[in-house]
Amino acid sequence: MRDRMNVYFPPEMLRQITDLADRKKLSRSAIVEAAVASFLSPDGEDRREAAFARRLDRLSRQIQRLERDVGVTAETLALFIRFWLTITPPLPNEAQAAAQLKGRERFEGFVEALGRRVQKGQSFLRELPEDIVRQETDSQT
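Because the structure is a prediction, the values reported are computed rather than measured. (Residues numbered from 1 in each chain as written. Predicted model: local features only at pLDDT ≥ 70, side-chain atom pairs only at ≥ 80, totals over all residues. Heavy atoms only, no water.)

**Looking at the overall build of the protein**
The number of helices and strands found in the protein is five helices and zero strands. Going from N to C terminus, the protein has its helices and strands arranged as α-α-α-α-α. Relative to the 2.2 N^0.38 estimate, which gives 14 Å for 141 residues, the radius of gyration of the protein is 30 Å and therefore markedly larger than a compact globule would have. Taken over the C-alpha atoms alone, the protein extends approximately 95 × 45 × 20 Å along its principal axes. With 141 residues in all, the protein has 5% of them scored as buried. When the accessible surface of the protein is split by element, carbon and sulfur atoms take 59% of a total near 13200 Å². (Helix = DSSP H or I, 4+ residues; strand = E, 2+ residues; numbered from the N terminus. Rg over C-alpha atoms; globule rule 2.2 N^0.38 Å. Buried < 20%, exposed > 50% of the residue type's maximum accessible area, 1.4 Å probe, protein only. Areas by Shrake-Rupley, 256 points an atom, 1.4 Å probe, with all protein chains shown as cover.)

Below, the structure written as structure tokens:
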């Protein structure tokens, strides 16, 4: 036997309940009953806490990967700049215009290559561990 209870919902929530009931082919009462049962369930709090913990763990791992990638990127850029500044001699004034023209041309090629890699989903940071393993294997043989 069931007892009747009148409940008032905000219009948007009632619309969401109705939409869910239509999608699941259930009555609105069944949807509300399941929601209340879940809320009153003694292990409901534990399940919600476990779900939050899983999400926080996943976010923590993503942030750690992001920090690692940013660190590798910064070190790569710093190393390249140091190397470039160390080996590149200053140009005489009469050669600078030609060098700037060649530099623009090379930069355009770089941007095109970068665009192709990004479009294909290729990532230097993902390739890096493979290169390191390959170098370690080569040096051991």
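**Overview of the environment of Ile87**
Relative to the assigned elements, Ile87 resides in helix α3 (residues 44-87). Taking relative accessible area as the criterion, Ile87 reaches 49% and is therefore assigned partly exposed.

**Quick notes on a positive patch on the surface**
Together, Arg54, Arg55, Arg58, Arg61 and Arg65 make up a region of like positive charge exposed at the surface. Along the chain, the position of Arg58 falls in helix α3. The exposure class assigned to Arg58 is partly exposed, which follows from its relative accessible area of 43%. (Patch = residues over 30% accessible without salt bridge, like charges linked within 9 Å, V, L, I, M, F, W, Y side chains within 5 Å. Salt bridge = Lys/Arg side-chain N within 4 Å of Asp/Glu carboxyl O. Lys, Arg positive; Asp, Glu negative; His and termini not counted. Charge placed at Lys NZ, Arg CZ, Asp CG, Glu CD.)

**Some points on the packing of aromatic side chains**
The description of two aromatic rings rests on the distance between their centres and on the angle between their planes. Using the criterion set out here, one finds one aromatic pair in the structure. Taken together, a centroid distance of 6.0 Å and an interplanar angle of 35° make the contact between Phe107 and Phe110 tilted. Note that Phe107 and Phe110 are positioned in helix α4 (residues 93-120) at a spacing of three residues, about one turn of the helix. Phe107 sits in the exposed class, given a relative accessible area of 52%. Overall, Phe110 belongs to the partly exposed group, its relative accessible area being 48%. (Phe/Tyr/Trp six-rings, centres within 6.5 Å; stacked < 30°, edge-to-face > 60°.)

**A short note on the confidence of the model for the protein**
Mean pLDDT over the protein stands at 88; residues scoring 70 or higher make up 94%. The secondary structure element of the protein with the lowest average pLDDT is helix α5 (residues 124-140), at 70, and the one with the highest is helix α1 (residues 11-24), at 95. (pLDDT = per-residue confidence, 0-100.)

**Some points on the pattern of salt bridges**
Throughout the structure, instances matching the rule amount to four salt bridges. Across the salt bridge formed by Arg68 and Asp69, the nearest N and O atoms sit 2.8 Å from each other. The class of Asp69 is partly exposed, set by a relative accessible area of 23%.

**Observations regarding unusual backbone geometry**
If a residue is not glycine, its phi is most likely negative; likewise, a peptide bond is most likely trans. Phi at Lys25 takes a positive value of approximately 55°, unusual for a residue other than glycine. On the secondary structure map, Lys25 appears in the loop between α1 and α2 (28-40).

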